[in-house]
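# Report on the structure
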Amino acid sequence: MLDFVVCVGGIYVCFLTWSALQERVTTASYGEAEERFRFTIVLNALQAVAAALVGYVYIRVVQRKAMLTMTRRRWRRFFQVAFLNSIASPFGYMALRYINYPTLTLAKTCKMVPVLVMNKVLYRRQYPRHKYLVVAMVSAGVSAFMLLGKGGRGAGRPEPAGHSLYGLLLVLVNLAVDGAVNSTQDQVFAEDREVSGQHMMCIMNLCSAALMGAWLLNPLNPELALAARFLRAHPQAMVDVGLFALCGALGQCFVFYTLAAFGSLTLTTVTVTRKFLTILVSVAFNGHRLAGRQWLATALVFAGISLDVYKKQTGDRRPATIKEQPATTKEQPATTKEQPATTKEQPATNSASTARHRQAAR
């Protein structure tokens, strides 16, 4: 019980702090000149370096395991995932210039939509019927949240219509690329069963840092020099950026430990409630106000996610009962033959689940 409390507390503290710092770094004004930190590639590169280092320490010190032996094929696949992951985040940061943080957070709970679409289009995966109902509920809730916020009482300072639409377009691009990241990670786990979620965290972020580092060190790109000058001029921004990268990296450790110790259902429940608390924290501490109708739309989104969690729980229990009985009643040798196949597939399932929940937690 104490382990569970520590894990939940760690996820909440790390990611609620991470979310608050993300909003502050990307929207706050620093100094008397009220300058903003607009260097999103630098921010992503620092986050990737911190996550890669923490992931390596987690594997070598906490798990006491060897690192994955890298081949040319593995490097190619990890760089593919890293490239998609690197280009996804800047669209989310840019969207914050045109929409508020609660809207972005709620919209990102729609990540299941592009994940479903990309898996069907790219890898021909099939889904149960309730998944489509969940996607419809979440999409309707997010759309209502966006539409009902315009001009509604208590909605706060209204954004210009063009800005809101442009911000929504940036979020949609972010979600589409995120969906490609998730589906490609699932494919990596399916093709290579030696890859674990911790390996994905460490090596993918290492590749992302290398890609973004190459872009920032380009002599024609002044972003790194401008970001360094900004951070030297505004020490508070340097503290915020450093804590942002550290909290995101440490939060992943609690995510992986919770997944291994308590299962994917518990982790999903914790991360979903964390997103809702993120909205509440942003509303409470950053002056955002939501109309009553927007709260109803938010409830519809989390009702859809709760339905998905419930169906996952009941669906995971049924197949185990149905499949094991015929094997026991028929032939004893059949049971012993199939046992290794079950144990082989387990890491792939856990690894794919780890990747999905790692993205959900962000």
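Residues numbered from 1 in each chain as written. Predicted model: local features only at pLDDT ≥ 70, side-chain atom pairs only at ≥ 80, totals over all residues. Heavy atoms only, no water.

### Section: unusual backbone geometry
Stated precisely, the cut-off is as follows: Secondary structure counts use DSSP, requiring at least four H or I residues in a row for a helix and at least two E residues in a row for a strand, with both numbered from the N terminus. We call a residue buried when its accessible area falls under 20% of the maximum for its residue type, exposed when it is over 50%, and partly exposed in between, using a 1.4 Å probe and counting protein chains only.
Of note in the backbone geometry, Glu-34 takes a positive phi value of approximately 55° without being a glycine. Relative to the assigned elements, Glu-34 resides in the loop between helix H1 (2-27) and helix H2 (40-62). Classification of Glu-34 as exposed rests on a relative accessible area of 58%. The phi dihedral of Arg-64 falls on the positive side, at around 55°, and the residue is not glycine. Along the polypeptide, Arg-64 turns up in the loop between H2 and helix H3 (72-95). The exposure class of Arg-64 is exposed, given its relative accessible area of 74%.

### Thoughts on the pattern of salt bridges
Spelled out, the test is: For salt bridges, the criterion is a side-chain nitrogen of Lys or Arg within 4 Å of an Asp or Glu carboxyl oxygen.
Per the stated rule, a full pass over the model turns up 5 salt bridges. A salt bridge links Glu-191 to Arg-73; the nearest nitrogen and oxygen atoms lie 3.2 Å apart. Residue Glu-191 is located in helix H7 (residues 161-191), and its partner Arg-73 is located in helix H3; the two are separated by 118 residues in the primary sequence. A residue is classified by how much of its surface remains accessible, and Glu-191, at 39% relative accessible area, is partly exposed. Arg-73 sits in the partly exposed class, given a relative accessible area of 47%. Across the salt bridge formed by Arg-74 and Glu-194, the nearest N and O atoms sit 3.0 Å from each other. Residue Arg-74 is found in helix H3, and its partner Glu-194 is found in the loop between H7 and helix H8 (197-216); the two are separated by 120 residues along the sequence. By relative accessible area, Arg-74 is classed as buried at 12%. One salt-bridge network, in which partners are shared between bridges, spans Arg-73, Arg-77 and Glu-191.

### Things to note about the packing of aromatic side chains
Each aromatic ring pair is characterised by the separation of its centres together with the angle its planes make. The condition is simple: Think of it this way: a Phe, Tyr or Trp ring, Trp meaning its six-membered ring, pairs with another when their centres are within 6.5 Å, and the plane angle makes it stacked under 30 degrees, edge-to-face over 60, tilted otherwise.
The final tally for this structure, using the stated rule, is 8 aromatic pairs. Geometrically, the ring pair formed by Trp-75 and Phe-79 is tilted, given 6.1 Å between the ring centres and 35° between the ring planes. With Trp-75 and Phe-79 both in helix H3 and 4 residues apart, this pair spans about one turn of that helix. Residue classification places Phe-79 among the partly exposed positions, given a relative accessible area of 32%. Between Tyr-98 and Tyr-166, the ring centres sit 4.9 Å apart and the planes meet at 85°, which makes this aromatic pair edge-to-face. Residue Tyr-98 is found in the loop between H3 and helix H4 (101-108), and its partner Tyr-166 is found in helix H7; the two are separated by 68 residues along the sequence. Residue Tyr-166 is classed as partly exposed on the basis of its relative accessible area of 38%.

### Some details on H8
Heads up, the condition is: Expected span of a helix, by definition, is 1.5 Å for each gap between consecutive residues, and there is one gap fewer than residues.
The terminal C-alpha atoms of H8, which comprises 20 residues, lie 28 Å apart, in line with the 28 Å expected from a rise of 1.5 Å per residue. Extensive coverage of H8 is indicated by the burial of 14 of its 20 residues.

### Here we look at the side chain of Gln-22
So the rule is basically this: Whether two residues touch is decided by their heavy atoms; if any such pair falls within 4.5 Å, the residues are in contact.
The topology assignment puts Gln-22 in helix H1. Residue Gln-22 is classed as buried on the basis of its relative accessible area of 10%. Sequence-distant contacts of Gln-22, that is, excluding residues within four places in its chain, are made with Tyr-93, Tyr-101 and Phe-244.

### Re the nonpolar core
Heads up, the condition is: Take the buried residues of types Ala, Val, Leu, Ile, Met, Phe, Trp, Tyr and Cys, join any two whose side-chain atoms come within 4.5 Å, and each joined set is a nonpolar core.
In terms of nonpolar packing, the biggest core is built from 26 residues, with Phe-37, Leu-43 and Phe-230 touching the most fellow members. Residue assignment for this core shows that the elements contributing at least two residues are H1, H2, H8, helix H9 (223-233) and helix H10 (235-262). By size, the runner-up hydrophobic cluster in this structure holds 16 residues, among which are Val-81, Ala-88, Met-200 and Cys-207.

### Focus: the UniProt feature "transmembrane region" (unreviewed entry) in the protein
Our working definition: UniProt positions are given in the numbering used here, feature names are shortened, and annotations may be inferred rather than shown by experiment.
The feature "transmembrane region" (unreviewed entry), as annotated in UniProt, sits at residues 38-58, 78-96, 132-149, 161-177, 197-217, 237-260 and 292-310 in this numbering. Across residues 78-96 one finds 95% helix and 0% strand; the C-alpha atoms that close the span lie 29 Å apart. Structurally, residues 197-217 is divided into 95% helix and 0% strand, and its ends, taken at the C-alpha atoms, are 30 Å apart.

### Considerations on the state of the cysteines
For clarity, the threshold we go by: Only a pair of cysteine sulfur atoms within 2.5 Å counts as a disulfide in this structure description.
Tallied over the entire structure, the rule returns 0 disulfides. Not engaged in a disulfide, the cysteine Cys-14 finds its nearest cysteine sulfur in Cys-247; these two sulfurs lie 5.7 Å apart. With relative accessibility at 9%, the residue Cys-14 sits in the buried group. For Cys-207, which is in no disulfide, the shortest distance to another cysteine sulfur is to Cys-202 and amounts to 9.3 Å. The class of Cys-207 is buried, set by a relative accessible area of 1%.

### Overview of the confidence of the model for the protein
So the rule is basically this: Confidence scores per residue from the predictor, reported as pLDDT, run from 0 to 100.
Residues at a pLDDT of 70 or more form 70% of the protein, whose mean pLDDT is 75. At the level of individual helices and strands, the protein shows its lowest average pLDDT in helix H13 (residues 332-361), which scores 48, and its highest in H9, which scores 94. The low-confidence segment residues 151-162, where pLDDT is below 50, has 12 contacts with residues more than four positions distant or belonging to other chains. Under a pLDDT of 50 for its full length, residues 318-349 has, in the predicted model, 7 contacts with residues more than four places off or in other chains.

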